Amino acid sequence: MTEETSTQQPLVQISNLKKTFHVKDANGKKAMLRAVDDVSFSIYKGETLGLVGESGCGKSTLGRTLLRLYKPDKGSVIRFDGNDIADLTTAQHKKFTTEAQLIFQDPSACMNPRRTIRQILMEPFVIHKRDLSRDRQKNREETIRSLMEMVGLSVYHLDKF
């Protein structure tokens, strides 16, 4: 944490988060699987967090719990405005999910190879009804071209699969 981030409020703060699942073991007996066990961290503006670990160690469960797809057993997920994500209203949660998402490492699991890069990049604008201007398609196209240039990719690649 830099000196600057020590004076800022975190965008996301996870405190003592726990998530368990009730499963059956190999013998058919009930067992408790500790998927996330006492995890705490903060993410500040301008920071990126990457989770690394073996398959089955709880990375996806942690992300799904952060997005409120799973309810935590204990602990809290706090957002920059100070609200516990579990207590967000439907409207607040919808806004939150337009600003936060999980990005999985395996592109074949999250990108349809039958769609062009343009189609894939356009999808969030359509789903979240971003850019409600009269000429929304033109504005979305300009935004997508700008995003490609921002990350150092040529707009030439937009029509590639």
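What counts and how
Residues numbered from 1 in each chain as written. Predicted model: local features only at pLDDT ≥ 70, side-chain atom pairs only at ≥ 80, totals over all residues. Heavy atoms only, no water. Helix = DSSP H or I, 4+ residues; strand = E, 2+ residues; numbered from the N terminus. Buried < 20%, exposed > 50% of the residue type's maximum accessible area, 1.4 Å probe, protein only. Contact = heavy atoms within 4.5 Å. Areas by Shrake-Rupley, 256 points an atom, 1.4 Å probe, with all protein chains shown as cover. Phe/Tyr/Trp six-rings, centres within 6.5 Å; stacked < 30°, edge-to-face > 60°. Lys NZ or Arg CZ within 6 Å of the ring centre and 35° of its normal. Core = buried A, V, L, I, M, F, W, Y, C linked by side-chain atoms within 4.5 Å. Pairing = 2+ DSSP bridges. Axes fitted to C-alpha atoms, helices over the stretch in contact; angles between N-to-C directions. Patch = residues over 30% accessible without salt bridge, like charges linked within 9 Å, V, L, I, M, F, W, Y side chains within 5 Å. Salt bridge = Lys/Arg side-chain N within 4 Å of Asp/Glu carboxyl O. 1 Å grid on protein atoms, 1.4 Å probe; cavity = no way out; pocket = protein on both sides within 12 Å on 5 of 7 lines; lining within 4 Å. Points joined across faces, edges and corners; volume = space filled by probe spheres on them. Nonpolar A, V, L, I, M, F, W, Y, C, P; charged D, E, K, R; others polar.

Some thoughts on the overall build of the protein
Argument step 1. Within the protein one finds six helices and three strands.
Argument step 2. Along the chain direction, N to C, the helices and strands of the protein fall in the order α-β-β-α-β-α-α-α-α.
Argument step 3. Sorting the 161 residues of the protein into buried and exposed places 22% on the buried side.
Argument step 4. Contacts in the protein between residues at least 24 apart in sequence constitute 52% of all its contacts with a sequence separation of at least 6.
Argument step 5. Roughly 12,100 Å² of accessible area belongs to the protein as shown, and the carbon and sulfur atoms make up 52% of that amount.

Topic: the side chain of lysine 19
Argument step 1. Within the secondary structure, lysine 19 is located in strand S1 (residues 12-24).
Argument step 2. By relative accessible area, which is 11% here, lysine 19 ends up buried.
Argument step 3. Here lysine 19 is in contact with Leu33, Arg34, Ala35, Val36, Thr61, Thr65, Tyr70, Lys71, Pro72 and Asp73, once residues within four sequence places are set aside.

Focus on the packing of aromatic side chains
The geometry of an aromatic ring pair is captured by the separation of the ring centres together with the interplanar angle, meaning the angle of the planes.
Argument step 1. Per the counting criterion, the structure on display carries one aromatic pair.
Argument step 2. Ring geometry for phenylalanine 21 versus tyrosine 70: centroids 5.4 Å apart, planes at 80°, classification edge-to-face. Taken together, the positions of phenylalanine 21 in strand S1 and tyrosine 70 in the loop between helix H2 (59-66) and strand S3 (74-79) put the pair 49 residues apart, joining distant regions of the chain.
Argument step 3. Sitting above the plane of the phenylalanine 21 ring, lysine 19 keeps its charged end 5.1 Å from the centroid.

Describing the nonpolar core
General note: in soluble globular proteins, nonpolar side chains tend to be found buried as a group.
Argument step 1. Ranked by internal contacts, the top residues of the largest apolar core, which has 13 residues, are Ile14, Leu66, Val77 and Phe96.
Argument step 2. Counting residues per element, the ones that place at least two in this core are S1, strand S2 (30-43) and H2.
Argument step 3. When neighbours within four sequence positions are excluded, isoleucine 14 is seen to be in contact with Val39, Ser40, Phe41, Leu66, Ser76 and Val77.
Argument step 4. Counting five residues, the second-largest nonpolar core is a separate cluster that includes Met122, Phe125, Met148 and Leu158.

Quick word on the sheet that holds S3
Argument step 1. Taken in spatial order, the three strands make up an open sheet running S2-S1-S3, and their pairing is antiparallel. Here the strands that pair on one side only, and so sit at the sheet edges, are S2 and S3. On average, each strand axis in the sheet is tilted by 25° relative to the strand beside it, whichever way the strands run.
Argument step 2. Bridging between S1 and S2 involves 11 bridges; their strand directions are antiparallel. Residue pairing across strands places lysine 24 opposite lysine 30, the latter belonging to S2.
Argument step 3. Running over the sheet, H2 touches S1, S2 and S3 and is turned about 120° from S1.

A look at a nonpolar patch on the surface
Argument step 1. A contiguous nonpolar patch, built from Leu147, Met150, Val151 and Leu153 and spanning about 400 Å² of accessible area, is present on the exposed surface.
Argument step 2. Within the secondary structure, methionine 150 sits in helix H6 (residues 136-150).

Topic: the layout of surface pockets
Argument step 1. Quantified by volume, the largest pocket comes out at close to 2,200 Å³.
Argument step 2. Among the elements of the structure, S2, H2, helix H3 (90-99), helix H5 (117-127) and H6 are those that each provide at least two residues to the lining of the largest pocket.
Argument step 3. With seven residues, the top contributor of residues to the lining of the largest pocket is H5.
Argument step 4. Taken together, the residues of the lining of the largest pocket sort by class into 30 nonpolar, 12 polar and eight charged.

Read these as spatial facts, not as claims about activity.
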